[in-house]
Amino acid sequence: MQEVDMKRVIVGLSGGVDSSVAAYLLKEQGYEVIGLFMKNWHDDSVTISDECPWLEDSNDAMLVADKLGIPFQTVDLSAQYKERIVDYMFNEYEKGRTPNPDVLCNREIKFDVFMDIAMDLGADYVATGHYCRKSTIEKEGKEIHQLLAGKDNNKDQSYFLCQLSQDQLAKALFPIGELTKPEVREIAKAQDLITAEKKDSQGLCFIGKVRLPDFLQQQLKPKEGVIVEVEDSLEVYNQEQPEFTTKEGELAFLAKKPEYALSDGKVVGKHQGAHYFTKGQRKGLAVGGTKEPLFVIETDVEENVIYTGQGKNHPGLLRNVLFVSNDELHWIREDLALNEGETMDVMARIRYRQPLEKAILHKVASGLYVEFENKQSAITEGQFVAWYNNDELLGSGVIS
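Residues numbered from 1 in each chain as written. Predicted model: local features only at pLDDT ≥ 70, side-chain atom pairs only at ≥ 80, totals over all residues. Heavy atoms only, no water.

S.K.: Help me understand the pattern of salt bridges in this model?
M.R.: Between side chains of opposite charge, a pair can form when the charged atoms approach closely. A full pass over the atoms with the stated rule returns 28 salt bridges. Among the ionic pairs, Lys266 bridges to Glu229, the shortest N-O distance being 3.7 Å. One end of the pair, Lys266, is in strand β9 (residues 265–271); the other, Glu229, is in strand β8 (residues 225–230), with 37 residues separating them in the sequence. Since its relative accessible area comes to 45%, Lys266 is described here as partly exposed. Since its relative accessible area comes to 4%, Glu229 is described here as buried. Across the pair Glu298 and Lys257 runs a salt bridge whose closest N-O atoms are separated by 3.4 Å. Residue Glu298 is found in strand β10 (residues 294–300), and its partner Lys257 is found in the loop between α8 (247–255) and β9; the two are separated by 41 residues along the sequence. With a relative accessible area of 27%, Lys257 lands in the partly exposed category. What you see here is one network of salt bridges that share partners, running through Arg84, Arg107, Glu108 and Asp112. (Salt bridge = Lys/Arg side-chain N within 4 Å of Asp/Glu carboxyl O. Helix = DSSP H or I, 4+ residues; strand = E, 2+ residues; numbered from the N terminus. Buried < 20%, exposed > 50% of the residue type's maximum accessible area, 1.4 Å probe, protein only.)

In structure tokens:
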């Protein structure tokens, strides 16, 4: 009988086109498919528009499930979301770091809390509408799962899954990873799915159309401070590099960011709280009259000062070495993890959609240095660096 070996897959239906098509493809492939919509947010006071996005999205998800003839239910994960994502974010912002909620949402919610619910429902797999691929190899008699970039270079979302573990990957399916976005839309149109023409959601993972500053402002009180402009002729940018006896000494020197004081520049404006700003940011400074636009080169949340520089090539924005401490270092390919003193040539990125750049990993006792061939703009603490071999994502870490 066919029935017995039919594998059960729970699809996270978000109400978008990608997860809708993922569900359709799985059904075509003969899986028993169940659609689950995650409600992660209750507070409707911070959405941008009047419409309630999660209601609209859950409704779209329900209509898609209905059209495909699959069971559908909604799960409320807002308590876990608040505790694991929102509280963490505020904590990070208060420390002057910039977290990445999407990466966390995948690690903590979709492939953890959600996966547990799915397994309780007797699922063999959990599937999402991410543009990435999974493949499985055998090495020394053990199955090893690989996380590969999506076929659509434009939409590759492997970066957002850079914190997944072997256990999580073992139970994950990514049905649209072999497709491009236009192909996904075509399938949705052909199947007459209501989400076919729906715009991609921006804003926080699953919270809906939330503006981050508004969201932060509710929790982090505004506090007026000054905006300082730093000239690129500042001494710290032009100092001679000392001679180093060890590579680690050199890496530590290059990974260290400059420390700024008020005396390093001139006050050019005011802001409502250093914790609302992030490195590399250009919008929202509201300072005019400079020859080139001002970019944030550093935020000091202790003193509540924002340091800025003119132009995107300001030396305060550019560094080629970053550090990840051991407790924030993660290997998807545990079998390839470096030991102290080892190095690895990789391609790496420090943000989503950034083209991959050549880099060398250096494992030291306290963590891992990532040394880029070219200088990177706005290396931001709290964000994730992810490294690849060809199109396989090997590991990632939080920039410290």
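S.K.: Just checking my understanding: could you explain helix α4 (residues 101–120) for this structure?
M.R.: Residue pairs three or four apart in sequence face the same way in an α-helix, which turns once every 3.6 residues. The largest bend in α4 is about 30 degrees, located at Phe114. One side-chain oxygen at the N-terminal end of α4 lies 3.0 Å from the backbone nitrogen of Asp102; it belongs to Asn100. Backbone geometry just after α4 places Gly122 at a positive phi near 80 degrees. (Bend = angle between axes of the 7 residues up to and from the residue. Polar contact = N/O pair within 3.5 Å; in protein donor to acceptor, adjacent residues only side chain to side chain.)

S.K.: Explanation requested: the sheet that holds strand β2 (residues 32–39) in the structure shown.
M.R.: Sheet strands line up and pair through hydrogen bonds in the backbone, either parallel or antiparallel. Strand order across the open sheet formed by five strands is β3-β2-β1-β4-β7, with parallel pairing between neighbours. The open sheet is flanked by β3 (72–76) and β7 (172–173), the only strands paired with a single partner. Strand direction decides the pairing type here: β2 and β3, joined by five bridges, are parallel. Directly across from Gly35, in β3, lies its bridge partner Phe72. Against the sheet, helix α1 (residues 17–28) makes contact with β1 (8–12), β2, β4 (125–127) and β7, and its axis sits at roughly 165 degrees relative to β1, the strand it touches most. (Pairing = 2+ DSSP bridges. Contact = heavy atoms within 4.5 Å. Axes fitted to C-alpha atoms, helices over the stretch in contact; angles between N-to-C directions.)

S.K.: Please explain the environment of Gln241 as it appears in this structure.
M.R.: Structurally, Gln241 can be placed in the loop between β8 and α8. Looking at Gln241, the relative accessible area reads 41%, which means it is partly exposed. Between the alpha carbons of Gln241 and Gly225 there is a distance of 33 Å; along the sequence they are 16 residues apart. Gln241 has contacts with Glu250, Phe253 and Leu254, leaving out every residue within four places of it along the chain.

S.K.: So what exactly am I meant to see when it comes to the sheet that holds β8 here?
M.R.: Reading across from one edge, β9-β8-β11-β10 is the order of the four strands in this open sheet, with mixed pairing throughout. Either end of the sheet is taken by a strand with one partner, and the two such strands are β9 and β10. For this sheet the average axis-to-axis angle between neighbouring strands, irrespective of direction, equals 30 degrees. Note that β8 and β9 share six bridges and pair antiparallel. Residue pairing for β9: Glu229 is matched across the bridge by Lys266.

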